[in-house]
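# Coordinate analysis (summary)
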Amino acid sequence: MSKGKLDIIDKVLEACYKYNPDALFVMSLMHQYEERGSLSKKQLEGLLAKASKVPDMPANWLATLEATIHKMHTRAKDPATAGKPLFEKDEALGAKMQAILDKYPSHKRVVFLFEKFNRNEVMSPLEKTEIEKFHKLLLR
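### A word on the environment of Leu-139
Mapped onto the fold, Leu-139 is located in the segment after helix H7 (125–138). Take Leu-139: its relative accessible area is 24%, and that puts it in the partly exposed class. For Leu-139 and Lys-89, which are 50 residues apart along the polypeptide, the C-alpha to C-alpha distance reads 22 Å.

Pasting the structure below:
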């Protein structure tokens, strides 16, 4: 704090403490302000709410405290977005396997891959290529 400058936050804290010496919130803020030399925006907003209830609190102190709060940066958090699912079912691939199984229901490899597809397991690029190859060879 620079010399000669009024410390309104300290004065407001003292006035709140004098009004209600048992207020734990105000005592906690006083301790933090003495330790760190500053308070967060949320803490100052809480102090303003408490100070507004003090009957003989000077209006200019409250206005200065409010102006200090408005000058402080508000950390904006991005709203939570629904992420895309980890696994997306390739319906075209499923349709190709179904077409192969309609014509060749006992094709063991395609039956195995189709079961894997239905369990929503991830198909490797090699398995996808296999299905494409089977589809081309068996269903011309």
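What follows picks up the thread again.
### Let's talk about the nonpolar core
In this structure, Ile-9, Val-12, Leu-13, Cys-16, Leu-47, Met-57 and Leu-65 are the most contacted members of the largest nonpolar core, which totals 21 residues. Of all elements in the fold, only helix H1 (8–19), helix H2 (24–36), helix H3 (41–52) and helix H4 (59–71) reach the threshold of two or more residues within this core. Here the element with the most residues in this core is H1; it accounts for 6 residues. Residues in contact with Leu-65, not counting those within four places in the same chain, are Ile-8, Ile-9, Val-12, Leu-44, Leu-47 and Leu-48. In this structure, Leu-93, Met-97, Leu-113 and Phe-117 belong to the second largest nonpolar core, which totals 11 residues.

### Brief notes about the packing of aromatic side chains
Under the criterion given, the structure shown has 1 aromatic pair. Residues Phe-114 and Phe-117 carry aromatic rings whose centres are separated by 6.2 Å and whose planes lie at 15 degrees to one another, so their mutual orientation is stacked. Pair noted here: Phe-114 and Phe-117 are both in helix H6 (residues 108–118), with a separation of 3 residues, about one helical turn. Under the relative-accessibility criterion, Phe-114 is labelled buried at 14%. Residue placement shows Lys-89 over the ring face of Phe-117; its charged tip is 4.8 Å from the ring centre.

### Examining the environment of Leu-62
As for its placement among the helices and strands, Leu-62 is situated in helix H4. As a C-alpha pair, Leu-62 and Ile-9 span 53 residues in sequence and 9.4 Å in three-dimensional space. With residues near it in sequence (within four places) discarded, Leu-62 still touches Leu-48, Ala-51, Ser-52 and Met-57.

### Some words on H1
End to end, H1 covers 16 Å across 12 residues, agreeing with the expected 16 Å (1.5 Å per residue, within 8%). Within H1 the residues assigned to the buried category are Ile-8, Ile-9, Val-12, Leu-13, Ala-15 and Cys-16. Across the axial projection of H1, the buried residues extend over an arc of 165 degrees, all falling on one side. Structurally, H1 contributes buried residues whose contacts are with H2, H3 and H4.

Each value, and the rule that gives it
Residues numbered from 1 in each chain as written. Predicted model: local features only at pLDDT ≥ 70, side-chain atom pairs only at ≥ 80, totals over all residues. Heavy atoms only, no water. Helix = DSSP H or I, 4+ residues; strand = E, 2+ residues; numbered from the N terminus. Buried < 20%, exposed > 50% of the residue type's maximum accessible area, 1.4 Å probe, protein only. Core = buried A, V, L, I, M, F, W, Y, C linked by side-chain atoms within 4.5 Å. Contact = heavy atoms within 4.5 Å. Phe/Tyr/Trp six-rings, centres within 6.5 Å; stacked < 30°, edge-to-face > 60°. Lys NZ or Arg CZ within 6 Å of the ring centre and 35° of its normal. Expected span 1.5 Å × (residues − 1). Arc of directions from axis to C-beta.

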